[in-house]
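Take a look at the letters that make up each chain.
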Amino acid sequence: MKGPIHDPSITVLEAELIALKCGLKEAVSMQIKDISICCDDDQIFELVMGRSTPEQESIALLMRDVQGIRKYLRSSIPVMLTRNHDNFAYEFAIEAILEMPVPPAQKENCSICMKDDINADQMFHVAKCGHMFCSDCVRSHIEARLSTRYKLRCPGIRCKSPLTYGHCVNILTPELKEKWEKMINEDLIPVTDRVYCPNPRCSALMSVADFSGLMGVRRSCVKCGKPFCINCKVPWHINLSCRQYKRLHPNPTENDGKLRDLANEERWRQCRKCQHMIERSSGCPSMICRCGHNFCYHCGGDAGLCYHGHDFSPPRLRNPTRIRSPTRMRFFFGCF
């Protein structure tokens, strides 16, 4: 099975298991029922025999695919070869391949792009649910999800099976790998603890924990080294306190002013806790930001302290029939 490997980060063991997986798939497609798996490596032999548990996620995923394909065979016996036998096995396999008629390549159908002439090796199988789509459509789906920061799930209709980085890494472009890895690193830091370098040429992600124990508000980026104010989230304001700086610069950058004007025009709200902008698409005014803060979308106040439809105990009025019953439905929306 001579196939290209485009990812230079794939290890020799991963390449061996990918080749084994391709060989097993080819055997199944040729309707072969009984095979011998000739191994010249102790580690691969132990994995195939099921006597070794892989520690790396990528190896575990490949072995799960290998063992899954073996179920379609009547028998698949692993054989450990010595150095004297491996050349014989290779020559015997070449001779068998030359004498065997080549069946037509199996074609698959993708329910997204509706193409029905896709080679089987170009299809992507979602690990948990088993849905199958062409690699190009899954790659486009992942790109769209990463750009909107939605959870990465199977593109199947109403399917919520997760897509994992380790299972999808072989179909990702370098740009998508970088985006996904960046999102994984961001998710490791709570929203309220995230700090971004204000240097537009850097924008490195940091955590409040990185600066624990330091006095004052001046900090230095761990990547570019530029000083900044952790309170104002701007480059360090020399000879100015935070109050003075904010009074002189109500909008630190031109884009901040444009964002404020757009937020006022679209009636967006800013979470008081994490400062992220939120847009409500539907539902009641009780909003729960992804940082956990619960507030009223109408007035921006803490939920339960206003009369905009939250669960609260209002003061008694002379005409209680005029009080509208508060809604108990809540709409959960992530910040952008």
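Look up: the structure comes first, before these words.
Quick look at the structure, then. (Residues numbered from 1 in each chain as written. Predicted model: local features only at pLDDT ≥ 70, side-chain atom pairs only at ≥ 80, totals over all residues. Heavy atoms only, no water.)

Attention now moves to the overall build of the protein. Along the backbone of the protein there are 9 helices and 16 strands. Out of the 336 residues belonging to the protein, those deemed buried represent 31%. Contacts in the protein between residues at least 24 apart in sequence constitute 43% of all its contacts with a sequence separation of at least 6. (Helix = DSSP H or I, 4+ residues; strand = E, 2+ residues; numbered from the N terminus. Buried < 20%, exposed > 50% of the residue type's maximum accessible area, 1.4 Å probe, protein only. Contact = heavy atoms within 4.5 Å.)

Further remarks concern the side chain of His-167. With respect to the secondary-structure elements, His-167 resides in helix 6 (residues 165-168). For His-167, the contacting residues outside a window of four places in its chain are Leu-61, Arg-64, Asp-65, Phe-124, His-125, Val-126 and Ala-127.

As a further point, take the packing of helix 5 (residues 135-148) against helix 7 (residues 174-187). Each packed pair of helices is defined by two parameters, the angle between the axes and the distance between the axes. Axis separation between helix 5 and helix 7 bottoms out at 11 Å; the angle between their running directions is 45°. Between helix 5 and helix 7, the interaxial angle falls into the category oblique. For the element pair helix 5 and helix 7, the recorded crossing hand is left-handed. From helix 5, Arg-139, Ile-142, Glu-143 and Leu-146 reach across to helix 7, where they touch Leu-176, Lys-179, Trp-180 and Met-183. Class assignment of the residues belonging to the contact of helix 5 with helix 7 gives a composition of 5 nonpolar, no polar and 3 charged. (Axes fitted to C-alpha atoms, helices over the stretch in contact; angles between N-to-C directions. Parallel < 35°, antiparallel > 145°, perpendicular 65-115°, else oblique. Left-handed = near helix turned anticlockwise from the far one by under 90°. Nonpolar A, V, L, I, M, F, W, Y, C, P; charged D, E, K, R; others polar.)

All right, on to the state of the cysteines then. Scanning all chains against the criterion turns up 0 disulfides. Free cysteine: Cys-113, not disulfide-bonded; nearest cysteine sulfur from Cys-110 at 3.7 Å. Residue Cys-113 is classed as partly exposed on the basis of its relative accessible area of 29%. (Disulfide = S-S within 2.5 Å.)

With respect to topology, 3 strands assemble into an open sheet ordered 9-10-11, the strand pairing being antiparallel. Of all strands in the sheet, those bounded by a partner on one side alone are strand 9 (218-220) and strand 11 (234-235). Judged from the 3 bridges that link them, strand 9 and strand 10 (residues 227-229) form a sheet pairing that is antiparallel. In the sheet register, Arg-219 faces strand 10, and the bridge partner there is Phe-228. (Pairing = 2+ DSSP bridges.)

Right, let's talk about the pairing of strand 1 (residues 34-39) for a bit. Here strand 1 shows a buried face lined by Ile-35, Ile-37 and Cys-39 and an unburied face lined by Asp-34, Ser-36 and Cys-38. Two strands pair when backbone bridges link them, and strand 1 and strand 2 (residues 75-80) are joined in this way by 6 bridges, in the parallel orientation. Note that in strand 2 the partner of Cys-38 across the bridge is Val-79.

Below, the discussion takes up unusual backbone geometry. Even without being a glycine, Ser-203 presents a positive backbone phi close to 55°. Of note, Ser-203 is situated in the loop between strand 7 (194-196) and strand 8 (205-207). Relative accessible area serves as the criterion here: at 37%, Ser-203 is assigned to the partly exposed category. With phi around 60°, Asn-239 is a residue other than glycine that occupies positive phi space. Mapped onto the secondary structure, Asn-239 falls in the loop between strand 11 and helix 8 (242-248). You can call Asn-239 exposed: its relative accessible area is 76%.

As a further point, take the pattern of salt bridges. If you walk through the whole model with that rule in mind, you get 5 salt bridges. Across the pair Asp-34 and Arg-74 runs a salt bridge whose closest N-O atoms are separated by 2.6 Å. With Asp-34 in strand 1 and Arg-74 in the loop between helix 3 (57-70) and strand 2, this pair connects stretches of sequence that are 40 residues apart. Taking the relative accessible area as the measure of exposure, Asp-34 reaches 39% and is therefore partly exposed. Here Arg-74 falls in the exposed class, since its relative accessible area comes to 64%. (Salt bridge = Lys/Arg side-chain N within 4 Å of Asp/Glu carboxyl O.)

Residue pairs three or four apart in sequence face the same way in an α-helix, which turns once every 3.6 residues. Between its terminal C-alpha atoms helix 7 stretches 20 Å, which fits the 20 Å expected from 14 residues at 1.5 Å a residue. Residues Leu-176, Lys-177, Trp-180, Met-183 and Glu-186 constitute the buried set of helix 7. Contact partners of the buried residues in helix 7: helix 5, helix 6, strand 7 and strand 8. (Expected span 1.5 Å × (residues − 1).)

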